[in-house]
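Structural description and commentary
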Amino acid sequence: MLIKYWPKETKIPFMRYRYVGVVLSLIMMVGSIYLVMTRGLNLGVDFAGGSVVELRQTDTVTVADVRSQIPGGLTVNSATDANGAELVVIRFGEVEGSLLGPEFAALTDEEKADRASAASNTFVVKTIKQAFNLTDEDILRNDSVGPKVSGELFREGLIALGVATLMMFFYIAFRYTWAYAVGGIAALIHDAIGTIGLFSLLQIQFDLTSIAALLTIIGYSVNDSVVVFDRIREIRRKYKQMPATEVIDIATNQTLSRTFLTGGTTIIAVMAIVIFGGPVLQGMSVAMIWGIVIGTYSSIYFAAAIVLMLGVDINRKPVEDTPGFEAMP
Amino acid sequence: MLQFPPWKVLLVLVVLIWGIVMALPNVMNMSNAPGFLPKQSVNLGLDLRGGVYLEMEIPPAEVISSRLSVFARDVRSAFARTSDREPIYFQPELRGRTMLIKLSRPDADGNFPVEEALRRLDRINGPIEGGLAGGKTFEMTRAGQDGILVSVSAASESAMLADALSKTMTIVRRRVDPDGVAEISLTPSGNNRIVLEAPGEPDPERLKTLLSRDGRMTFNLVETSPADIASAQAGIVKPGFRLLEGPETGPLLVREIPEVVGADIATASQGNDEANRPQINFRLNANGARKFYETTRNNSGKLFAIVLDDVIMSAPRINEPIPGGNVRITGSFTIEEAQDLAAIIAAGEMPAKVQFLDQRVVSSTLGEDSIESGFRAAVVGLSLVAFFMILAYGLQGMFAVLSLVANVILIFAALSLLGATLTLPGIAGIILTIGMAVDANVLVFERVREEQNNGRSIWTAVQAGYERALITILDANITTLFAAIILYSLGSGPVKGFAVTLALGIITSVFTAFVFTRMMTVFWLKTFKTKRLAV
């Protein structure tokens, strides 16, 4: 079918422009870090702690009504769910201690710090229920994360990212060489930083599902790099005298149609989540699309370019042929 | 690579048919199907069914200090005067995780009997429960010339926490689900946390109230003199008594030492009084019934307070001795309150007050919406990817799409087999897998295309395509599998669901893309003797 219109052999001299690529990547990474430092991340309750409560918006329950009914310190916004219904989203940390009743006032300071978040949640939900005469079923969502857990979740998220990176480093080093491992991991870090930059730029909520998105992107990034590495290794074995730049160019060109097809189908699938999956998955999916785009780019311009700098040779021992592989004419 | 002996074909077909059978209950009602077919659909996570997720913690400091205060009572009896030994006078001083036993009277020479005290303490200091390593529950060190510091070693602390955790789990289950019918799940997490998941429960506050009670039930005799109550309210409580309040009874002075305690209660349930108002019935065990009978016989005319967590529930007057041990609490309860209180009383006392760390509540309407939008996204995603693949690769693309469908079926079958839970991010994982699963096929097709372009015949091209793509496919998928496994071990609820479907999807996609597509291709080539694959 249409794939036959894809040129049989592309000859794009990728590596000639590698410095342009590396500079662009560095600019993006520095920009991302700058964004995170200045704009910060829009941390969700998973990591920031506090509560988020969602109600369905009706004629009697509007954002303004909710705002006027609950005493200070709350952020009330509207949102749209997957089916187009309007929601009222209330986000808050801890409400004024004096609102939380005598039982709370009697606690020690340490206990207060531990329980303020949960007590605030109880208070706000109760107030809303009474003010608008709502039942439990009208509270669509009510998440509350205490300070202890939010800190832990954040730490665990970072640890997960770190451990995943290390495991992939050693896997690539084991299958290829250190040079490839460094290239693959550099591309992975490039993609992770770029994606975090997007979270900051668009102020997409950063929560546990974002960590899931980041890990997926990391997986995809390495997946993509490995496909190119595999081809580099293969071509290197066949043409031992060929200059490294040329080896990498041939490898990237030969895998180019696969790169676009797989990237394309993955983006199509994730696009379906963005459009139809509802607000919970939207942020995660937008980040994933961006991650796939820069992941594809970085496997060529970051991973391969770094391998070129560090050396493409797989091993110094005489090259043995993989069984079943015949040499090309 | 291209040989498919009958047994291999059979194996592939068996796997696929097994997948279809396992996945079937998810799309149709199987309740009338023959018995050997599975009827259980995939477990849905709380975010899809609605319900309450509650994570609670047993504070270690509280567990330790409550154990220390129990130990203080043992110390009191160990230091008491008996027929053959002198008493040791002391003052226990609880300091969070440690307790200082301060001896208060020196002997005739002005020395404190620390050695004797240590000897007696050693006798009542049991080994660490359940510990294989040995060692004693408490550690005693001399503190100055008149003190002994009681502390808890790390090993003993973790044994105490383990004990408190398992007790608390039992109590939580009995309180939340006294009849054992609700579909709640309780999972320990770490050494002092419990995650409670209650699908279908809309109100977290009810659960929290139910679980934040200590559940310490006592029956205390009451001192009725108004003058004593007045002076107690002014701050001077008669020794041996406590001033407690009750919504029905007002302030009352009760004896500090209870006559009957929670451990004496056998069962408790909600019932109705003569006017058909809800009340709480309970039955005492033999020991409790005897104590109750004796107390009521000896204290006719007095008030007998039923106290739960230092609040007087009711204080009926003793008119006659009550044998049999059947007791009730009347009051103005709703049925639900009476049921909850009965569950609290029957479940017994918590080793320590739990603290709620985080909660996630999703209403069932939102859950249904999520299923709907997730399903829609999956269908759209699958159709678009299918369209794209067929457009690009024609017939081979069609094979890839069939593999993709088989892949989704196998993911559901594996989810059922493992009893894993499908969450909304889990659905996203499936959709992502749909996008990425074609990668293996694309790698192969591209290889075949190259080989054909290099002038190979169709059979050698297909052979070489699959052979050469295999290593790449494995390498590339193993790295993503790493990410999924780490995600799973990080695992909190919904994200874990994402990791599960992603991991399963990777494994099943390698099977469907590499084995199933290949089989279809080989059969096609054999049947139609095609000269060139249109890839």
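The text that follows walks through the structure, step by step, so that each part is easy to find. Please read these numbers as outputs of a predicted model, since none were measured by experiment.

What follows deals with the overall build of chain A. Scanning chain A for helices and strands turns up eleven helices and six strands. For a compact globule of 329 residues, the expected C-alpha radius of gyration is about 20 Å, and chain A comes in at 26 Å, more than 25% above that figure. By the burial criterion, 48% of the 329 residues in chain A qualify as buried. Counting contacts in chain A only where the partners sit at least 6 residues apart, residues at least 24 apart contribute 77% of the total.

Turning our eyes to something else, we now look at the interface of chain A and chain B. On the side of chain B, 67 residues touch chain A, which itself brings 68 residues to the contact. Mapped onto the side of chain A that touches chain B, the elements with two or more residues apiece are α5 (109-132), β5 (139-145), α6 (147-175), α8 (208-238), α10 (256-276) and α11 (279-310) of chain A. Classifying every residue of the side of chain A that touches chain B gives 34 nonpolar, 20 polar and 14 charged.

Residue and element names in this part refer to chain B. In this model helix α8 (residues 286-298) runs 18 Å from its N-terminal to its C-terminal C-alpha over 13 residues, within 8% of the 18 Å that 1.5 Å per residue would give. What α8 keeps buried is the set Gly288, Ala289, Phe292, Thr295 and Thr296. Down the axis of α8, the sector holding all buried residues measures 130°, keeping them to one side. For α8, the exposed residues set more than 90 degrees away from the buried face come down to Ala286 and Asn298. Taken together, the buried residues of α8 touch β12 (260-261), β13 (265-272), β14 (278-284) and β17 (326-329).

All right, on to the sheet that holds strand β6 (residues 147-151) of chain B then. Residues and elements named next belong to chain B. Strand order in the open sheet formed by four strands is β3-β4-β6-β5, with antiparallel pairing between adjacent strands. Strands with a single pairing partner mark the edges of an open sheet, and in this sheet they are β3 (90-95) and β5 (139-143). Across the sheet, the axes of successive neighbouring strands diverge by a mean angle of 20°, strand direction being ignored. One ladder, built from six bridges, connects β3 with strand β4 (residues 98-103); its direction is antiparallel. Along β4, the bridge assignment pairs Pro92 with Ile101. Running at roughly 175° to β3, helix α3 (residues 60-79) makes contact with β3, β4 and β6 of the sheet.

Comment: phi is negative for the bulk of residues other than glycine, and the bulk of peptide bonds are trans. Residues and elements named next belong to chain B. Unusually for a residue other than glycine, Asp309 sits at a positive phi of about 50°. A tally of 16 C-beta atoms within 10 Å means that Asp309 is categorised as partly exposed. Even without being glycine, Asp310 reaches a positive phi, approximately 65°. The exposure class of Asp310 is partly exposed, given the 13 C-beta atoms found within 10 Å.

What counts as what
- Residues numbered from 1 in each chain as written.
- Chains lettered and ligands numbered in written order.
- Predicted model: local features only at pLDDT ≥ 70, side-chain atom pairs only at ≥ 80, totals over all residues.
- Helix = DSSP H or I, 4+ residues; strand = E, 2+ residues; numbered from the N terminus.
- Rg over C-alpha atoms; globule rule 2.2 N^0.38 Å.
- Buried ≥ 20, exposed ≤ 12 C-beta atoms within 10 Å, placed from the backbone.
- Contact = placed C-beta atoms within 7 Å.
- Nonpolar A, V, L, I, M, F, W, Y, C, P; charged D, E, K, R; others polar.
- Expected span 1.5 Å × (residues − 1).
- Arc of directions from axis to C-beta.
- Pairing = 2+ DSSP bridges.
- Axes fitted to C-alpha atoms, helices over the stretch in contact; angles between N-to-C directions.

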